[in-house]
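Here is what each chain is made of, one letter per residue.
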Amino acid sequence: MIENLKRIEEKLDKLLQIMGVEETSGVSESVDVELPILTTKQHAALQMVLRGAGNVEIAERFNVSVNTSKVYVRAIAKKLGVKTRGQIIVKMLDRYRSIDDNSYRLMTGGLPKDWDENYYKPDPFSPLYKFEKELI
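My aim in this report is to walk through the structure given alongside it, one point at a time.

Calculation rules
Residues numbered from 1 in each chain as written. Predicted model: local features only at pLDDT ≥ 70, side-chain atom pairs only at ≥ 80, totals over all residues. Heavy atoms only, no water. Helix = DSSP H or I, 4+ residues; strand = E, 2+ residues; numbered from the N terminus. Buried < 20%, exposed > 50% of the residue type's maximum accessible area, 1.4 Å probe, protein only. Contact = heavy atoms within 4.5 Å. Areas by Shrake-Rupley, 256 points an atom, 1.4 Å probe, with all protein chains shown as cover. Arc of directions from axis to C-beta. Axes fitted to C-alpha atoms, helices over the stretch in contact; angles between N-to-C directions. Left-handed = near helix turned anticlockwise from the far one by under 90°. Salt bridge = Lys/Arg side-chain N within 4 Å of Asp/Glu carboxyl O. Polar contact = N/O pair within 3.5 Å; in protein donor to acceptor, adjacent residues only side chain to side chain. Expected span 1.5 Å × (residues − 1).

**Quick word on the overall build of the protein**
And then number 1: Along the protein, the regular secondary structure elements total 7 helices and 0 strands.
And then number 2: Walking the protein from its N terminus toward its C terminus, one meets helices and strands in the order α-α-α-α-α-α-α.
And then number 3: Taken over 136 residues, the protein has a buried fraction of 40%.
And then number 4: Long-range pairs, those at least 24 residues apart, make up 63% of the contacts in the protein between residues at least 6 apart in sequence.
And then number 5: Just so you have it, the protein exposes about 8300 Å², and 52% of that area is on carbon and sulfur atoms.

As C-alpha coordinates, then:
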(Lines give C-alpha, C1' and ligand atoms only; values in the text may rest on other atoms or scores of the structure.)
Protein backbone atom coordinates (compact mmCIF):
# COMPACT_ATOMS: atom_id res chain seq x y z
CA MET A 1 0.00 0.00 0.00
CA ILE A 2 2.80 2.42 0.86
CA GLU A 3 4.41 1.69 -2.50
CA ASN A 4 1.16 2.71 -4.20
CA LEU A 5 1.09 5.94 -2.19
CA LYS A 6 4.63 6.71 -3.31
CA ARG A 7 3.65 6.06 -6.93
CA ILE A 8 0.65 8.36 -6.57
CA GLU A 9 2.82 11.00 -4.91
CA GLU A 10 5.21 10.87 -7.89
CA LYS A 11 2.27 11.33 -10.28
CA LEU A 12 1.00 14.28 -8.28
CA ASP A 13 4.46 15.85 -8.19
CA LYS A 14 4.57 15.64 -11.98
CA LEU A 15 1.08 17.16 -12.23
CA LEU A 16 1.99 19.97 -9.82
CA GLN A 17 5.14 20.62 -11.82
CA ILE A 18 3.08 20.88 -15.02
CA MET A 19 0.71 23.27 -13.23
CA GLY A 20 3.67 25.39 -12.12
CA VAL A 21 3.44 24.60 -8.42
CA GLU A 22 6.98 24.05 -7.23
CA GLU A 23 6.49 23.48 -3.53
CA THR A 24 4.21 21.06 -1.72
CA SER A 25 4.81 22.35 1.78
CA GLY A 26 2.00 21.67 4.16
CA VAL A 27 1.38 18.19 2.78
CA SER A 28 0.81 15.84 5.65
CA GLU A 29 3.49 13.19 5.94
CA SER A 30 1.14 10.93 7.84
CA VAL A 31 -1.44 9.97 5.23
CA ASP A 32 -3.88 7.47 6.73
CA VAL A 33 -2.45 4.25 5.29
CA GLU A 34 -5.60 2.49 6.47
CA LEU A 35 -7.50 4.51 3.87
CA PRO A 36 -7.95 2.05 1.01
CA ILE A 37 -6.28 2.80 -2.25
CA LEU A 38 -9.06 3.64 -4.67
CA THR A 39 -8.70 4.78 -8.26
CA THR A 40 -9.24 8.46 -9.00
CA LYS A 41 -12.66 7.69 -10.47
CA GLN A 42 -13.58 5.71 -7.37
CA HIS A 43 -12.53 8.65 -5.18
CA ALA A 44 -14.74 10.94 -7.26
CA ALA A 45 -17.66 8.52 -6.91
CA LEU A 46 -16.89 8.14 -3.19
CA GLN A 47 -17.22 11.89 -2.71
CA MET A 48 -20.64 11.72 -4.32
CA VAL A 49 -21.70 8.74 -2.17
CA LEU A 50 -20.54 10.52 0.98
CA ARG A 51 -22.77 13.45 0.00
CA GLY A 52 -25.72 11.11 -0.54
CA ALA A 53 -25.86 11.07 -4.34
CA GLY A 54 -27.82 8.24 -5.90
CA ASN A 55 -26.89 5.99 -8.80
CA VAL A 56 -28.74 8.14 -11.33
CA GLU A 57 -26.80 11.27 -10.33
CA ILE A 58 -23.49 9.39 -10.38
CA ALA A 59 -24.34 7.99 -13.82
CA GLU A 60 -25.18 11.45 -15.17
CA ARG A 61 -21.98 12.97 -13.76
CA PHE A 62 -19.76 10.31 -15.35
CA ASN A 63 -21.90 10.00 -18.48
CA VAL A 64 -22.40 6.26 -17.96
CA SER A 65 -25.41 4.00 -17.48
CA VAL A 66 -27.07 3.61 -14.11
CA ASN A 67 -25.88 0.00 -14.05
CA THR A 68 -22.28 1.18 -14.52
CA SER A 69 -22.65 3.63 -11.65
CA LYS A 70 -23.85 0.72 -9.50
CA VAL A 71 -20.68 -1.14 -10.47
CA TYR A 72 -18.62 1.86 -9.33
CA VAL A 73 -20.32 1.87 -5.92
CA ARG A 74 -20.07 -1.92 -5.53
CA ALA A 75 -16.35 -1.78 -6.35
CA ILE A 76 -15.80 0.87 -3.68
CA ALA A 77 -17.75 -1.20 -1.15
CA LYS A 78 -15.75 -4.30 -2.03
CA LYS A 79 -12.41 -2.52 -1.56
CA LEU A 80 -13.63 -1.23 1.79
CA GLY A 81 -14.86 -4.66 2.85
CA VAL A 82 -18.48 -3.53 3.24
CA LYS A 83 -21.73 -4.18 1.40
CA THR A 84 -23.93 -1.09 1.52
CA ARG A 85 -23.74 2.66 0.87
CA GLY A 86 -24.49 3.27 4.51
CA GLN A 87 -21.54 1.12 5.52
CA ILE A 88 -19.32 3.01 3.05
CA ILE A 89 -20.37 6.29 4.66
CA VAL A 90 -19.88 5.01 8.21
CA LYS A 91 -16.43 3.67 7.37
CA MET A 92 -15.17 6.59 5.31
CA LEU A 93 -16.80 9.85 6.43
CA ASP A 94 -14.56 10.55 9.43
CA ARG A 95 -11.44 9.55 7.50
CA TYR A 96 -12.47 11.72 4.58
CA ARG A 97 -13.14 14.70 6.84
CA SER A 98 -9.89 14.28 8.76
CA ILE A 99 -7.50 14.32 5.80
CA ASP A 100 -6.23 17.65 4.48
CA ASP A 101 -6.68 18.62 0.84
CA ASN A 102 -3.00 18.28 -0.11
CA SER A 103 -2.78 14.76 1.30
CA TYR A 104 -6.05 13.87 -0.40
CA ARG A 105 -4.73 15.14 -3.73
CA LEU A 106 -1.67 12.94 -3.27
CA MET A 107 -3.87 9.90 -2.70
CA THR A 108 -6.18 10.63 -5.61
CA GLY A 109 -3.68 11.63 -8.25
CA GLY A 110 -4.70 15.29 -8.09
CA LEU A 111 -8.46 15.24 -7.44
CA PRO A 112 -9.33 17.92 -4.86
CA LYS A 113 -11.21 17.01 -1.73
CA ASP A 114 -14.02 19.41 -2.67
CA TRP A 115 -14.37 18.15 -6.25
CA ASP A 116 -17.98 17.06 -5.81
CA GLU A 117 -18.97 20.08 -3.74
CA ASN A 118 -17.60 22.54 -6.32
CA TYR A 119 -18.32 20.55 -9.49
CA TYR A 120 -19.02 22.48 -12.66
CA LYS A 121 -18.99 21.76 -16.39
CA PRO A 122 -16.67 21.39 -18.10
CA ASP A 123 -14.89 19.56 -15.31
CA PRO A 124 -11.21 20.61 -15.34
CA PHE A 125 -10.33 17.45 -13.41
CA SER A 126 -11.99 14.99 -15.82
CA PRO A 127 -8.65 14.02 -17.43
CA LEU A 128 -7.68 12.56 -14.05
CA TYR A 129 -10.47 10.00 -14.12
CA LYS A 130 -12.08 9.93 -17.56
CA PHE A 131 -9.67 7.84 -19.54
CA GLU A 132 -8.17 5.70 -16.80
CA LYS A 133 -7.46 2.13 -17.68
CA GLU A 134 -8.79 0.73 -14.47
CA LEU A 135 -10.68 -2.15 -13.10
CA ILE A 136 -13.59 -0.69 -11.23
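**Some details on helix 3 (residues 55-62)**
And then number 1: Among all positions in helix 3, only N55, I58, A59, R61 and F62 are buried. Buried residues along helix 3 cover an arc of 165° about the axis, so they all sit on one side.
And then number 2: Where helix 3 is buried, its residues meet helix 2 (40-51), helix 4 (66-80), helix 5 (85-98) and helix 7 (126-129).
And then number 3: Trailing helix 3 by a residue or two, N63 shows a phi angle of about 55°, which is positive.

**Quick word on the packing of helix 2 against helix 3**
And then number 1: Where helix 2 contacts helix 3, the two axes come as close as 10 Å, and the packing angle between them is 145°. In the packing of helix 2 onto helix 3, the handedness of the crossing is right-handed. On the side of helix 2, the interface is formed by K41, A44, A45, M48, V49 and R51, while helix 3 contributes E57, I58, R61 and F62.

**Structural notes on the pattern of salt bridges**
And then number 1: Following the criterion strictly, the structure yields 4 salt bridges and no others.
And then number 2: Linking R51 and E57 is a salt bridge whose minimum nitrogen-to-oxygen distance equals 2.5 Å.
And then number 3: In this structure, the salt-bridge partner of D116 is R61, at a minimum N-O distance of 3.1 Å. In this pair, D116 sits in the loop between helix 6 (101-108) and helix 7 while R61 sits in helix 3, placing the two residues 55 residues apart along the sequence.
And then number 4: One network of salt bridges, with partners in common, ties together R51, E57, R61 and D116.

**A closer look at the side chain of K41**
And then number 1: Its place among the elements puts K41 in helix 2.
And then number 2: You can call K41 buried: its relative accessible area is 12%.
And then number 3: A distance of 3.4 Å separates a polar atom in the side chain of K41 from a polar atom in the side chain of Y72.

**Thoughts on helix 5**
And then number 1: Given a rise of 1.5 Å per residue, 14 residues ought to cover 20 Å, and the 20 Å separating the end C-alpha atoms of helix 5 matches this to within 8%.
And then number 2: Within helix 5, burial applies to I88, M92 and Y96.
And then number 3: In this fold, the buried residues of helix 5 make contact with helix 2, helix 4 and helix 6.

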